[in-house]
Each structure stands twice: as C-alpha cells, then as structure tokens.
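Residue strings, one per chain:
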Number of protein chains: 2
Amino acid sequence: MVEKIWYLKRCDLFERLSTDRLRAIEARCSARKVARGNPIYLPADEARGVLLLASGRVKICSVTAEGRQAILAFIEPGELFGELAILDQLQRDEYAEAAEASQIILIPAAEIQKLMAELPDVSLGVTKLFGLRRMRIERRLKYLLFRSNRERLIHLLIELVEQYGYLVADGVALRIKLSHQDLANIIGSTRETVTVVLGDLQAEGFLRLGRRKITLSNVSSLAKSVQVKPPRIEGVTPGA
Amino acid sequence: MVEKIWYLKRCDLFERLSTDRLRAIEARCSARKVARGNPIYLPADEARGVLLLASGRVKICSVTAEGRQAILAFIEPGELFGELAILDQLQRDEYAEAAEASQIILIPAAEIQKLMAELPDVSLGVTKLFGLRRMRIERRLKYLLFRSNRERLIHLLIELVEQYGYLVADGVALRIKLSHQDLANIIGSTRETVTVVLGDLQAEGFLRLGRRKITLSNVSSLAKSVQVKPPRIEGVTPGA
DNA sequence: TTGCTAGTGTGAGGCTTTTCACAGATTCGT
DNA sequence: ACGAATCTGTGAAAAGCCTCACACTAGCAA
C-alpha cells in the first residue's frame, strides 16, 4: 500500500494541516496506479471526489465527434485534478488519462467540503486553485483566437518553457516529452502542420529538434516575434 | 447617488447578508455610470477591487497586436466581474467595456476578502463563481479547437440560446443584440465569414436574420447537426 | 429631409491549413 | 535481438478561410 499521507502533505492545499488531521483524511482516501495511456476517469463516470496526483503525469482531454483529442491541461505531481467535484458537479465532460505511469489518490468530495467549512485557509486555497486554473485557460483562449498555427505554436512553446523549462548548455530544454501530435492536440491543429512549423523554426535557428524533445536556443527572440515578454526560466536541474 | 445597497442585494454572493452588513459594505463602495462603448478598466489599470454590474451590459475583451478584439465574456446585471482582484492579482491582461450604457459598483478587494474570512458561505460562493466561469470558458475552448467556422458559430448560437433565448411565435429569439462582427470576435473569425455562414444557415431554414437580431426556428435540429443536446429555453418574455 | 454611420451582402483572388499517402527512423516490448 | 508500434519528415491536391473591394440598407442626428 502507498504511503498516502506522504503525498497528501506534498499538496499545497494540505501542507499546513496537522498530522492528525491528515491521518483522518488519509483514512477516507483510496489510492491506485494507472499505466501510461490508461484512463483515470471518463466523462460518463460519476465524479465521486477530487483526485491528487502522487507521481507520474496526467492529461485532461476532451474528444470531438470525429475522434480528435483536445488536450486541455497537464497535471503534475502534487496537483489536484477533477476538482470540480468539490462543487457537487456530478458529471464531468472531459476525461483524464495517464500521460505516464501514475499513482493517484482519490479524496472524497465530502472530505474537502468539510475542510473548507472548518478551515478558511483551505477554502481560500481552493479558490486560488480555481482562479489559477481559470487564468491559465483564459490565457490559452486568448492566444488561440485569431492566430495562425505558427503563432499558436510559438505561444505554446513559451508557455511550456515557463512551466517546464530548464537551462542547459545550449539553451532551454523542456522537462516534459511531447510528440508533435500532442502539440497539435493542444493548439487545435494537425500533426503534419506542427512538424512543418517546427521545422521552419528550427531552420530559422530558434530551436533544435529531437525525438519528443525540443531545445529552445533563443527564447527571448522567439517571444519578441509574437510580442510577448520572455518567460522567467527556472534556473536549475532537469528535476526528477 | 445610486442606491448601491439595492444592487448589492441583487448579487448572488450578497443576497444572504444582513442589511447592517450590507450598509457597511456599501459605505466602502463607489458607483459610476459608463456610456456604451466606453472602457471600464484597461489592462494597464491597477485592479483595486471587484466590480458589480448594476445595470446595462459589459463585455470582457482582449486585443491582439494587430488590433483584433477577442470577446471573452459578457456580463449581465447582478454579476461580478474583474473578480481576479480577489486573489491580489494586481494586473489584469484583459479589458472591460460597456456593451450598453451601464452602472457599475466598485467593491474594494479587501472588503470581499474580509467577508470571505468571516463567512464560509461567501467563501464558497466565490469558489463557485470561479468554478462556473471556468467551466464556461473551458467549454468554449472545447468547441473552438479543431472546429470549422460553421461549427463554431452553431455552438455559439446554441450557447446564446441557453443564456439569452426566449420563445416567440416562430421560434426562439435572443435577448441580446449582436452584430456579425461581435459574433466573429467571439469565435475568432471574420465578419464576412460570419455573414456568409449565417446566410447559409438561413437558407437551410435553421434561422431568420434581422439587423443585429437572429431568430432560431429550429434549435433542436441545429443542435443535432453538431451532436449536442438541445438547450433548455427559458419559457417566457423578452425581459427588460 | 438630408446626410452619416453602422451593419449587412457578395465575389474574386490568394494564402493557410488540412487531407491523404508514403518513407525512414527510433523506441518499446518480449 | 527482433518485430511492432510510435514518431517524424515530405509533397501534392483540395478545402477552407481571409483579404480586399464595393454596393446596399436601416437607423440616427441635425
């Protein structure tokens, strides 16, 4: 059995709770492992609670009638997802799948609601979480509307650098592996177009391509080309 | 001077507060009127507080470098906007303008934060507000990604019916007046394309066009054509 | 009434993006 | 180590959408 409490403590929302309190929550939670590519919840599933990602990586998607997969977000270890269940939203209309082998913890909605009622800190934390997610998605909407695929892709790369970038000898690399298909699924384009545009950007010297790997050699001029201020880059190591 | 307290009471978030409490809040708020087409806040403005729309209609927009206006949302009387200020987000990156002559009330962020800290109900209300807005925008992102302009427009029409539709003799009319340019600004297209697509839909018998006015004659088959369940339509009158 | 403005209708031409088809390369599972 | 699956690169043809240019109408203001 997984040490659930250890992971609970790593989530912003719970880090300030007492160990006793955490033990109590832990008792109500269940954990499970999901292999890469497998679903965690489907739109049809009833939303019984909130999920916490202990390890791995999760993507939140929706699928069009023609079978195209739109990627709405990636979730990193320590982050909550499926959190609309907190609002007694029983039905979700997106689904979550493991982008890598993952361990997840299911926290019953009632548990969070109880915490929110008792501890204003938690309540505020949830509000902030919602606000943050909303800002992210609003920002994405803005850079998708009216923009060419080239611009969309550049904006996405900059966002990825902000979230996953780390410095290497010859530029900035990403701590996340994405195929061209994945990138297309985020910006609402096709795999082929992404391949071509990335090829162009490489030819123009903005980046270097590897298999599921992109190294940005000139983030700031790339940012300037879409009139956006260059992102801050986390100074250090590749991480786990 | 406007009867601010009257309007505060009409906002979901405040409706359960005592009159005394409301008086106290009222004392900290300021009200102003804005004529159609004028800005309410700009991206550069510091976000001093949250805004409550007392009357009129507001649109939340962002502008691309090439001067295209993306409409992110409409705000109706009784709704809050600019609410990210609650999270001490000092800088906004969208702007708000009056879509019709409007009266707005500015509530200092500190006031809301105090309420949230003292009253769990308010705190939950804010969380719900954030969650709701996020669901809306996520839904929009989903119907924009990978979709043709025709599909985007149909989805938008269905959303508008849900929010603004009322039954009339020959179908469903909308309680909001939008030009083709407005519609284009919502779905990220151009005025001409919207005109053409609406013309097609009219020819196919789905709707009838008037000046800044659309009457849907067959909402359910329109919904079926994009594989969406038909929206509920508010049963009655045109409203104010 | 007479402008004037905002909103709508239409078409030609060109650019962007998708679609389809296939080939080579790398990684993964067993 | 081997075959299978995944990932990337490329090109031709077609579809979709945007740009630009202009005409017409309804509503508003003086």
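Note: the structure precedes this text.
Described in the following lines is the structure provided in the data block.

Rules used throughout
- Residues numbered from 1 in each chain as written.
- Chains lettered and ligands numbered in written order.
- Predicted model: local features only at pLDDT ≥ 70, side-chain atom pairs only at ≥ 80, totals over all residues.
- Core = buried A, V, L, I, M, F, W, Y, C linked by C-beta atoms within 7 Å.
- Buried ≥ 20, exposed ≤ 12 C-beta atoms within 10 Å, placed from the backbone.
- Contact = placed C-beta atoms within 7 Å.
- Least-squares fit on C-alpha atoms with pLDDT ≥ 70 in both.
- Helix = DSSP H or I, 4+ residues; strand = E, 2+ residues; numbered from the N terminus.
- Near = placed C-beta within 6 Å.
- Nonpolar A, V, L, I, M, F, W, Y, C, P; charged D, E, K, R; others polar.
- Pairing = 2+ DSSP bridges.
- Axes fitted to C-alpha atoms, helices over the stretch in contact; angles between N-to-C directions.

### Description of the nonpolar core
The tendency in soluble globular proteins is for nonpolar side chains to be buried side by side.
In step 1: The biggest cluster of nonpolar side chains holds 131 residues, and the ones touching the most others in it are Leu 51 and Leu 52 of chain A together with Leu 51 and Leu 52 of chain B.
In step 2: Not counting residues within four places of it along the chain, the set of residues in contact with Leu 51 of chain B comprises Ile 40, Leu 80, Phe 81, Gly 82, Ile 104, Ile 105 and Leu 106 of chain B.

### A few points about the relation of the copies chain B and chain A
In step 1: Structural alignment of chain B on chain A gives an RMSD of 0.1 Å, achieved by rotating through 180 degrees and translating 0.1 Å along the axis. As the rotation angle and translation indicate, the two copies are arranged about a two-fold axis.
In step 2: Of all interface residues in chain B, 100% are interface residues in chain A too; the two copies therefore contact each other through one and the same surface.

### A look at unusual backbone geometry
Residues and elements named next belong to chain A.
In step 1: Unusually for a residue other than glycine, Gln 227 sits at a positive phi of about 60 degrees.
In step 2: Within the secondary structure layout, Gln 227 lies in the segment after α8 (219-225).
In step 3: When the 10 C-beta atoms within 10 Å are taken as the criterion, Gln 227 is described as exposed.

### Re the protein's contact with DNA strand D
In step 1: Near DNA strand D, the surroundings consist of 20 residues, among which Ser 179 and His 180 of chain A together with Ser 148, Asn 149 and Thr 193 of chain B are the closest.
In step 2: Counting residues per element, the ones that place at least two in the surface near DNA strand D are α6 (180-187) and α7 (191-203) of chain A together with α5 (149-164) and α7 (191-203) of chain B.
In step 3: The biggest single contributor to the surface near DNA strand D is α7 of chain A, with six residues.
In step 4: Partitioned by chemical class, the residues of the surface near DNA strand D number three nonpolar, ten polar and seven charged.

### With respect to the protein's contact with DNA strand C
In step 1: In the vicinity of DNA strand C, 19 residues are found, and the nearest of them are Ser 148, Asn 149 and Thr 193 of chain A together with Ser 179 and His 180 of chain B.
In step 2: When contributions to the surface near DNA strand C are tallied by element, the ones reaching two or more residues are α5 (149-164) and α7 of chain A together with α7 of chain B.
In step 3: For the surface near DNA strand C, the per-class residue count stands at three nonpolar, nine polar and seven charged.

### As for the pairing of strand β6 (residues 95-108) of chain A
All names here are of chain A.
In step 1: In the sheet, strand β1 (residues 30-34) pairs with β6 via five bridges, with the strands oriented antiparallel. Paired with Lys 33 across the strands is Gln 103, a residue of β6.
In step 2: Sheet topology note: the strand β2 (residues 39-41)/β6 ladder contains two bridges and is antiparallel. Across the sheet, the residue bridging to Tyr 41 is Ala 96, located in β6.
In step 3: Bridge analysis of strand β3 (residues 49-63) against β6 gives eleven bridges, and the strand direction is antiparallel. Note on β6: the bridge partner recorded for Ser 55 is Gln 103.

### Regarding the environment of Leu 8 of chain A
Residues and elements named next belong to chain A.
In step 1: Take Leu 8: it is sitting in helix α1 (residues 4-9).
In step 2: Linking Leu 8 and Leu 22, residues 14 residues apart in sequence, is a C-alpha distance of 7.5 Å.
In step 3: Among all residues touching Leu 8, those that are not within four sequence positions of it are Phe 14, Leu 22, Ile 25, Glu 26 and Leu 52.

### Focus: the interface of chain B and chain A
In step 1: Each partner contributes to the interface: chain B provides 31 residues, whereas chain A provides 31 residues.
In step 2: Elements with a minimum of two residues in the side of chain B that touches chain A: β4 (69-75), α3 (109-118) and α4 (120-144) of chain B.
In step 3: Considering each element in turn, the side of chain B that touches chain A owes the most residues, 17 residues, to α4 of chain B.

### Examining the sheet that holds strand β8 (residues 171-174) of chain B
Note on sheets: strands pair through backbone hydrogen bonds, and any given pair is parallel or antiparallel.
Residues and elements named next belong to chain B.
In step 1: If you trace the four strands from one edge of the open sheet to the other, you get β7-β8-β10-β9, paired in antiparallel fashion. Each end of this open sheet is capped by a strand with a single partner; those strands are β7 (165-168) and β9 (207-210). Here the average twist between neighbouring strands, direction ignored, is 30 degrees.
In step 2: The pairing of β8 with strand β10 (residues 213-216) spans two bridges and is classified as antiparallel. Residue pairing across strands places Ala 173 opposite Thr 215, the latter belonging to β10.

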